[in-house]
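Residue-level structure breakdown
One letter stands for each residue in the lines below.
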Amino acid sequence: MGKKMGKALVVGAGISGIRSALDLAETGYGVTLIEREQHIGGILSQLDDQFPSNHCGMCKMLPLVKRDQSSQFCLRKGLFHENIDILLNTEVIAIDGEPGKFSVSVRKKPTWVDPERCVGCGVCEAVCPVEIPDTFNEGLATRKAIYLPVPHTIPNPYVIDLAACSHCGECEKICPTQAIQLSFEKRKDFRVLVVDDELIVRDSLKEWLDEEGFFVDVAESGSVALEKLSKASFNLMLTDIKMPGMDGVALLKKAKESFPDLCVLMMTAFATVETAVEAMKIGAEDYLMKPFDPERMIAKIVQIYEEIEAGDVRDLEVGAIVFSGGTSYFDPAELKNIYGYRTNSSVITSLELERLLSGTGPTQGRLVRPHDGKTIEKIAWIQCVGSRDVQLNADYCSSVCCMVAIKESMLVIKKSPSPVETTIFYMDMRTFGKTFQRYRDSAEQEHGVRFERARIHSITADTVSGEPIIRYAQTDGSLHNETFDLVVLAVGQRPARGIEELSKLIEAPLNPWGFIQTEPLSPVATDRSGVLAGGSFSGLKDISESMMYASAASLEASRIIHVAGGSLSDESFSEPALQDVSREEPKMLVAVCNCGNKYSEHLDTEALTHQLEQDPCVDKVVFLRQCCTAAGWEELTEIIETSKPNRILIGACHPYLYIRKLRELSHRVHLDAEMMDVVDIMSPTFAYIKNPTNQLSPVSHQLSTLKVGISRLKNMDPLPTTSLPVTRRALVVGGGIAGMHAALAIADHGYPVDLVEQSDRLGGNLLWLHQTIEGVPLEPYLHEIVQAAEKHPLLNIHLQTKITAAFGEVGDFYTTIESGDKTIKTIQHGTVILATGGNEATTSAYGYGTSQAVITQKELESRLVQGDVDLEKLDSVVMIQCVDSRQEPRNYCSRVCCPTSLKHALKLKAENPQLAVYILYRDMMAIGFTESYFTAARKAGVIFIQYNLDNKPRVTIPTESNTPLFITVTDPILARPLEIEADLLVLATGIVPQLPTTLANAFAAETDQDGFFLEAESKWRPVDALKEGVFGCGIALSPRSVPDTIATAGAAAQRALRILAHEKLSAGKIVSSVRHSLCSLCERCIDTCPYNARYLDPDRRKIVVNPAMCQGCGDCATTCPNSASVLQGFTDVQVLDMIDAAIESTWQPGSSIDPVGPKQ
Amino acid sequence: MIKTAKIDVKDQDLLGALREFFKNILGKEDISAILAPWRLPTKKMVMPTLVTDPDQLNGVDPLSPAFPMNSAKLVSRLTRKPSGGNIAAVMRPCEIRAFVELVKLKQARTDELILIGIDCLGALGNRDYLNWSGENGDEATKKFAGQVLSGKTVDMDGIELTQACRSCELPIAEGADINIGFFGVDTSRQILIQALTDKGGRLLEDLDLAAAEEPASRRKEIDRLISERTAFRDNMFAEVGDKIGSIDKLSAYLAGCVNCYNCRVACPVCYCRECVFVTDVFDHEPSQYLRWARKKGAVKMPTDTLLYHITRLAHISTACVGCGQCTNACPNDIPVMPLFRTIAHKTQQAFDYEAGRSLEEKMPLSEFKEDEFTEIVGLNN
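Keep in mind that this is a model prediction, so the values were computed, not measured.

1. Some points on the pattern of salt bridges
Throughout the structure, instances matching the rule amount to 82 salt bridges over all chains. For the salt bridge of Arg109(B) with Asp111(B), the shortest nitrogen-to-oxygen distance reads 2.8 Å. The structure contains a network of salt bridges with shared partners spanning Arg19(A), Asp23(A), Glu26(A), Arg1021(A), Asp1024(A), Glu1028(A), Arg1055(A) and Arg1058(A).

Have a look at this one:
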């Protein structure tokens, strides 16, 4: 039986959108993923290497269970999933409806090259006369008007930048597949009316637009314009605002009344910009500034033309929408440009540096100075460019730049052929994440990266050499000039392009910094119910946080669709019955695509047929006309239906394109998709056409490729896919906010949950935490969520209960719990979430425990709530940050302490402005929007004094009570010790985890060196354990705020639901197994398996593979010396036969028709 | 706790002193049996033998230049599962190194085992030994040991130590619990006993031996031996390298191979219960053989001779300890050991690994290292 399938829309196919789409698709929803660019991957398609592995790792997002539904290759190349429709070059233009039933219009812009026909041969690019800066390489290289948007996607069709195109038509003429349809004559049908009282404007606009091929008419006044509009239909009207008689706004109103579909552009001088903006509110599309820059003006009009005329609008019915619009980046050339960006060519942005370091970049990854090729010996990074800058309306920390700069410095050191000096100029080094501090320390101590705390005055150029000179002030105020080869500006993040329009479209407001507004306690919900914000759309996130927020957003989307009853559902296909061919001799159909006979001189059909039919397992060789088209595919299907082969080999171009098609074909002809394969015979053909020298002829390549394909297929053993039943019940350990949130999310989807809490009360840290830094009270929230948990019919709460033992695997765990009265119970469950939280660390530093006047931040919070502190009586409070933190053995930032101290300092100042508050800090970790509280605290008169590890503050505890404490600290600005009298000393001691190793190990989850939950991958799988089915969230992962905790809980619940949503988990077709008769039990396969899919069953003395966890990587098969470990689909017999086929087929046309014939 | 002790040698009877020492061990630390080279009563050959009767220890002869097989696989057979008592195994250093590899491969365990290493005096090939040793085995051993330990050139009627022994730069049993030392020691008067592990230390304690210092001459003598062996070894590597530099040359090197697989059986680290070469993996369709024959005009049968050796190199060269039993086992006198050692030296160097060096070191290919061989996998770009 088919099941109800709800649908969701994900807008933006950066990593966050991909994560959300995959989450929903894996859970069983239908997803439309739209992206306004021509490729998926967002900003990450430009960045090759990520901290901390300094590799990419995006592929780690791909599904692990039911993985055959999806592509399993590099995500930068592309993504296919049965349940995901990807629409590139597409934007949302309207949203109607309500949660569970939205109607969304999206518009796909034309690229002028038919992606179905474009084979990527590139001859068009060669003839294009236009050369403009390449946006993919951040302007460090040039491209043509017809170009590849990114170098690496598959398929990778060319697109045309119509605004840059000179309409010479050369590409259209030369394209061998007729993929380019510029259709300029069609522009004649696009009618433009220019309305202006000045003749010169009318004439010049007419001339420019005529040249562009549009039909242009002119009108000198509003009334003439209205008359012309009524006589003939127009697509676009350009109107001046200030005109005698009827002005432009009045004309707009009148025109819109009669012709609501007419697109209107206002033309305005600087003085009337406000009027133009107002006009947009009553229906104008946009405005053009006078005097005109013809290039920009024409680009705008071409854009409108593309949208109106050539845009393909379609309507989608979806239950929920996730916006994952990402961010954009600050342009340092804007405004004052104090760093001389673009005027000094040795000053580049961090994004440009990423392109310089990339193998697909302008220098193919060779690290040289872009403009003159000089070897880089001395390079500097300047942090916070466009961040933490009130003047730029950026009173926030972009959160990622510090780690990006450290990573880039490490990459530069690694990629430089000769020693290179690296310096990072910074204000605070914000190493707030899990392993960030140690990464920084290793950069500094092991790799020699210089960290210079300084304020940058300016960058000038050496008058002789032109080399950039950074003028900076050290903390003591001393000024220095230093020359570098290259200066990298760590550009901050900005709200996504077009977010204002989008905010209007979805009717959800922006926050003060211009990002989509979300509330601290529902961090992925926008103001519009049913519309979620994923990734960094709502604020600044790094990769792992983007993953968490994306999954949290998909969870809420899923919840909305679920509550709405999965409305708008389609019946999905039931699994078709497949014919059993295991007892039959191989009978193979070889279908070769002739690509519409475009390469007939390179496709020797007769020779291929003769050669291939020599193999007795080949039943038939047929040639198809373009099997990528519907007609070609239909032709193939008909041949299959009549000749009934039990194996099908298709020789075509991009095998990746056929993943979905083969599955559909399998359903139709009832043959297992594993018995079909597609091999690429076209790439070598194209390569030969481009460069015929030193190459085997295309025919030998085609023959060899097809024979290799035949060898693999004919030895394919059609085994049924194994699947494992899922116990559709979850266990959540820990009854704090994270555990409750995750448990409720799962229970709301209809699956029973056991929530185990060791104490006698639900609530965890929220039992003492009073409010967030934003001032949101937590008590009502806690009350609400505890009530919801207690009332939920599917949620079983076990208080005062411990886990005593657990075993099992994804879908089938058995856990024994022991309650306070020693009752023992075993629970069977499919997944487990560890939400065991953490506590404030204890300390003995700075006299804590010896004086009533020394307390921790947690104690201060409680005292403030209970009114235990008489603020009127206090004169001076000192807070010390990083107590025992960010140094071994607790060498990590606890992330919440700086915001907490800011929160408390602001509260103290608010209640008693006379009170002196000092915060002694190492680096203020005021990440994201918390920065604004740092600013507010400084404005409120809180005094911040920076200290270093080698010069910590000293505390003198008085012997008599009621006398103040003395704190001595060296002020780096004054460069001398200060003695501060304090009535109260508040210590920020950081957070320690509360995840017992025995508990983690019971579920085969691991803990890191600090005792936190160890993720499968810190960036891409931040809530998964390496062992599938085990997840972590909240502080168990690492220290984090309440909103972040809620997001991680959502993410963990989503990861669990992706498993619980299925009755059975089907393994992939490519899985490994063991030939026990050959196995010597050396267990090397167990050691080497990266997915923990193998274990030794001690009772049976056998190696066992869990097929759902096995990802078919084949590591075990390569490690096993005598093939006792077998990878289905790549058995020794298959692979050896394939090698033979590849070697045998080195046949040259013209020599002999029989390549294996007698030697000559 | 004593780490270094000595046993006295009476009347220059080295073998007698060793036999007394082994008798002393039996019964200590729950040791119920000793596996040691033992002279078969009816024949002149010395074979690894499991002895429980103290009287039978008079047949033990660890100094004999007989080295008929590498005992690592035998010790593996004795320790795979609990045996109900401790066993002491007297082994040559290369046997111990092979044993360490087998433990890592989960083919053997050390928990009921005490490894007793001996300074290795070297050995002869099996046929050479039988030809040379004569009727009185003990006398032959005395003559051999006397010559080796006197530091004089060993002259055994024109018969030389095996090439494996002459190229062995690891003659001291580093991985043993207890080592019996001869080199640099005045063996006419005493033998050096050293505990190398805690387990060995406890046994040494129990044996109640006189404490001793390691004589300064020992290190010097060992260094001399090693440098001599290393020079021989490097010379061998160079010679072999010349002979196997291409597929054609390698084929010529192995031309005498009849696919008897004796080298695989004799190899202590070829641990598969059933070798892939005796399974159906390389059984091709008859038509396939004909196609190959037609293509080349002639095809040697069986077709997988070269593949067999290359596969074995791929599988075990990182675990090869250079004991030379492969050469010893070859009926057609193919110098298998020099080939394997030459390749093994390179592969082990590549993985910064030395077979048998330590139980803690993970075997190459057993763990995924992201940054391994970046220049080969193309991660450098």
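2. Some points on helix H6 (residues 248-258) of chain A
Residue and element names in this part refer to chain A. Taken residue by residue, H6 has Gly-248, Val-249, Leu-251, Leu-252 and Ala-255 as its buried positions. Buried residues of H6 fall within an arc of 155 degrees about the axis and therefore sit on the same side. In this structure, the buried residues of H6 make contact with strand E11 (191-195), helix H5 (222-231), strand E13 (236-240), strand E14 (263-268) and helix H7 (273-281).

3. Points about unusual backbone geometry
Residues and elements named next belong to chain A. Looking along the chain, the bond that leaves Lys-290 and enters Pro-291 is cis, with omega of -5 degrees. Summarising the element assignment, Pro-291 is placed in the loop between strand E15 (286-289) and helix H8 (294-310). Residue Pro-889 is bonded to the preceding Glu-888 through a cis peptide linkage, with omega at 5 degrees. Inspection of the secondary structure puts Pro-889 in the loop between strand E43 (876-880) and helix H22 (897-911). One non-glycine residue, Trp-112, adopts positive backbone phi at about 70 degrees. By secondary structure assignment, the location of Trp-112 is in the loop between strand E6 (101-108) and helix H2 (123-127). Positive phi is not limited to glycine here, since Glu-138 has a value of about 55 degrees. Structurally, Glu-138 can be placed in the loop between strand E7 (132-133) and strand E8 (142-143).

4. Let's talk about the packing of aromatic side chains
Taken as a whole, this structure holds 29 aromatic pairs over all chains when the rule is applied. Ring geometry for Phe813(A) versus Phe1003(A): centroids 6.2 Å apart, planes at 70 degrees, classification edge-to-face. Of the two residues, Phe813(A) is situated in strand E38 (residues 812-819) and Phe1003(A) in the loop between helix H24 (997-1002) and strand E51 (1030-1032); the sequence distance between them amounts to 190 residues. Phe1003(A) matches Phe813(A) in its accessibility class, with the two residues each being buried. Between Phe21(B) and Phe22(B) the ring centres are 5.8 Å apart and the planes differ by 55 degrees, which places this aromatic pair in the tilted class. Side by side, Phe21(B) and Phe22(B) carry an identical accessibility label, which is buried. The structure contains a cluster of three or more aromatic residues connected by ring pairs, namely Phe51(A), Phe432(A), Phe436(A) and Tyr439(A). The lysine or arginine in question, Arg191(A), covers the ring of Phe234(A), its NZ or CZ lying 4.9 Å from the ring centre. Lying across the ring of Trp633(A), Lys661(A) places its NZ or CZ 5.1 Å from the centre.

5. Here's the deal with the side chain of Lys378(A)
With respect to the helices and strands, the residue Lys378(A) is situated in strand E20 (residues 378-385). Here Glu482(A) takes part through its side chain, which lies 3.0 Å from a polar atom of the side chain of Lys378(A).

6. Things to note about helix H21 (residues 857-866) of chain A
Residue and element names in this part refer to chain A. Along H21, the residues that are buried comprise Gln-857, Leu-860, Glu-861 and Leu-864. Around the axis of H21, the buried residues are gathered within 100 degrees of arc, so they sit on the same side. Summarising the contacts, the buried residues of H21 are in contact with strand E41 (838-840), strand E42 (854-856), E43, H22 and strand E49 (984-987).

7. Overview of the interface of chain A and chain B
Size of an interface, as often reported, equals the accessible area lost when the parts are brought together. With 28 residues of chain A at the interface, the matching set in chain B holds 28 residues. Taken together, the two surfaces of chain A and chain B that pack against each other cover about 2600 Å², and 47% of this comes from carbon and sulfur. On the chain A side of the interface with chain B, the three residues burying the most area are Ser1080(A), Arg1084(A) and Pro1121(A), jointly 22% of the side's total. Along the contact surface separating chain A from chain B lie two salt bridges. Our enumeration of links across chain A and chain B arrives at five residue pairs in polar contact (both at pLDDT 80 or more).

Reading guide: rules and limits
Residues numbered from 1 in each chain as written. Chains lettered and ligands numbered in written order. Predicted model: local features only at pLDDT ≥ 70, side-chain atom pairs only at ≥ 80, totals over all residues. Heavy atoms only, no water. Salt bridge = Lys/Arg side-chain N within 4 Å of Asp/Glu carboxyl O. Buried < 20%, exposed > 50% of the residue type's maximum accessible area, 1.4 Å probe, protein only. Helix = DSSP H or I, 4+ residues; strand = E, 2+ residues; numbered from the N terminus. Arc of directions from axis to C-beta. Contact = heavy atoms within 4.5 Å. Phe/Tyr/Trp six-rings, centres within 6.5 Å; stacked < 30°, edge-to-face > 60°. Lys NZ or Arg CZ within 6 Å of the ring centre and 35° of its normal. Polar contact = N/O pair within 3.5 Å; in protein donor to acceptor, adjacent residues only side chain to side chain. Buried area = accessible area lost by both parts, 1.4 Å probe.

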